[in-house]
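# Summary of structural features
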Amino acid sequence: MARAAVGLFENPQLIDGIIHDLETSGFPRNDIRVLSEPQDMAGSGMMSTAHTDFEVDLIRELRTVGAAEADAEAYVKGVRGGGVIVFASGSDEKVDAAAEIMNRHCAVELEELEASELHLHSSTTPARRSSGQTGRIRSSGGGARLFVW
C-alpha cells in the first residue's frame, strides 16, 4: 500500500527548509510534492473556472489518498489563504520521519470537530491504524497527517 505524509504550512517561506530536511533524511526529490495555489491562473476571482477546477482537483486528490471530506475542505481553505501543502511519499519509516520533520516545521493542525477551521496545536492524540487499512492516520505531535491507500 502507498503511504504519504501530508502537511499544510501557513508560511510559504518555510517550504525550502522543509524540502531540504526531507532530502537530508533520504527522501528523493521526486517523492516530495509541493502544492500551492497557482499565481498565474487564468480568469479572476474565486468563481473563475480555473480556480474552481484547481480546488475540485485538489479535493479529489486528497480524497483519493484517504482524506476525510472535512480535511480536504480544510486543506483547500488553507491553500486558498496562501498556505502550501507538502506531500512526501515512501515506505512506512520514511513517511513517519517525514511527518516528524513537517511537525518540527509547524504543520497546521486541521481541527475536524470545529468545521475544519485551521488551528495550531502543540500536540495531538495518536490514532493509528494498521498498515492493512486505508485512510488517514493522525501523526502524534503536530498537524502532519499520514495517509495510506
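Anyway, here's the lowdown on the structure attached to this text. (Residues numbered from 1 in each chain as written. Predicted model: local features only at pLDDT ≥ 70, side-chain atom pairs only at ≥ 80, totals over all residues. Heavy atoms only, no water.)

## What about the overall build of the chain?
What counts is decided by this rule: Numbering goes from the N terminus for both helices and strands, where a helix is a DSSP run of H or I of at least four residues and a strand is a run of E of at least two. Computed with a 1.4 Å probe, the accessible areas rest on the Shrake-Rupley method; for each residue, only the protein chains presented here act as cover.
A count of helical and extended segments in the chain gives four helices and seven strands. Surface exposure of the chain reaches about 7700 Å², of which carbon and sulfur atoms provide 50%.

## Some details on the pattern of salt bridges
Test applied: Criterion for a salt bridge: a side-chain nitrogen of Lys or Arg within 4 Å of a carboxyl oxygen of Asp or Glu. Relative accessibility thresholds used throughout: buried, under 20% of the residue-type maximum; exposed, over 50%; partly exposed, between the two (1.4 Å probe, protein chains only).
Tallied over the entire structure, the rule returns eight salt bridges. Salt-bridge contacts for D92 lead to R3; the nearest nitrogen and oxygen are separated by 2.9 Å. Here D92 is found in helix α4 (residues 92-104), whereas its partner R3 is found in strand β1 (residues 3-9), with 89 residues between them in sequence. With a relative accessible area of 33%, D92 lands in the partly exposed category.

## A few points about helix α3 (residues 69-80)
Going by this rule: Here the expected length of a helix is defined as 1.5 Å per residue gap, with one fewer gap than residues.
Between its first and last C-alpha atoms α3 spans 16 Å; for 12 residues at 1.5 Å apiece the expected length is 16 Å, and the two agree. Positive backbone phi, approximately 100 degrees, marks G82, located one or two places after α3.

## Section: the packing of helix α2 (residues 49-64) against α3
Worth spelling out the cut-off: Think of each axis as a best-fit line through the C-alpha atoms, taken over the contacting stretch in the case of a helix, with angles from 0 to 180 degrees between the N-to-C directions. With respect to orientation, any angle under 35 degrees is reported as roughly parallel, any angle over 145 as roughly antiparallel, any angle of 65 to 115 as roughly perpendicular, and every other angle as oblique. When the near helix sits turned anticlockwise from the far one by under a right angle, the crossing is termed left-handed; a clockwise turn instead gives a right-handed crossing. For this analysis, residues touch if any pair of their heavy atoms sits within 4.5 Å. Basically, the charged four are Asp, Glu, Lys and Arg, the nonpolar ten are Ala, Val, Leu, Ile, Met, Phe, Trp, Tyr, Cys and Pro, and anything else, Gly included, counts as polar.
Relative orientation of the contacting elements α2 and α3 amounts to 140 degrees, with a least axis distance of 9 Å. Relative to α3, the element α2 is oriented oblique. The interaxial crossing formed by α2 with α3 has right-handed handedness. Of the residues in α3, those touching α2 at H51, F54, E55, L58, I59, L62 and R63 are E69, A72, E73, Y75, V76, V79 and R80. Here the contact of α2 with α3 is composed, by residue class, of eight nonpolar, one polar and five charged.

## Description of unusual backbone geometry
Notably, C106 is not glycine yet its phi reads approximately 70 degrees, a positive angle. Looking at the element boundaries, C106 is found in the loop between α4 and β4 (109-111). Given a relative accessible area of 51%, C106 falls into the exposed group.

## Regarding the packing of aromatic side chains
Quick reminder of the rule: Stacked, edge-to-face and tilted are the three classes for Phe, Tyr and Trp ring pairs, Trp counted by its six-membered ring, which pair at centre distances within 6.5 Å; planes under 30 degrees apart are stacked, over 60 edge-to-face, the rest tilted. Criterion for a charge above a ring: Lys NZ or Arg CZ within 6 Å of the ring centre, and within 35 degrees of the ring normal.
Considering all chains together, one arrives at zero aromatic pairs under this definition. Sitting over the face of the ring of F87, R33 holds its NZ or CZ atom 5.6 Å from the ring centroid.

## With respect to the environment of A74
Following the sequence through the fold, A74 ends up in helix α3. Note: C-alpha distance between A74 and E111 (37 residues apart in sequence) is 8.5 Å.

## As for the pairing of β1
Our working definition: Here, any two strands with at least 2 DSSP bridges between them count as paired.
Burial of β1 is extensive: seven of the seven residues sit out of reach of the surface. Judged by which residues are buried, β1 turns out to be covered on both faces: R3, A5, G7 and F9 on one side and A4, V6 and L8 on the other are all buried. Summarising the sheet, β1 and strand β7 (residues 145-148) pair through four bridges and their orientation is antiparallel. Across the sheet, residue V6 finds its bridge partner in β7, namely R145. Judged from the six bridges that link them, β1 and strand β3 (residues 84-89) form a sheet pairing that is antiparallel. Looking at the pairing, F9 lines up with V84 of β3.

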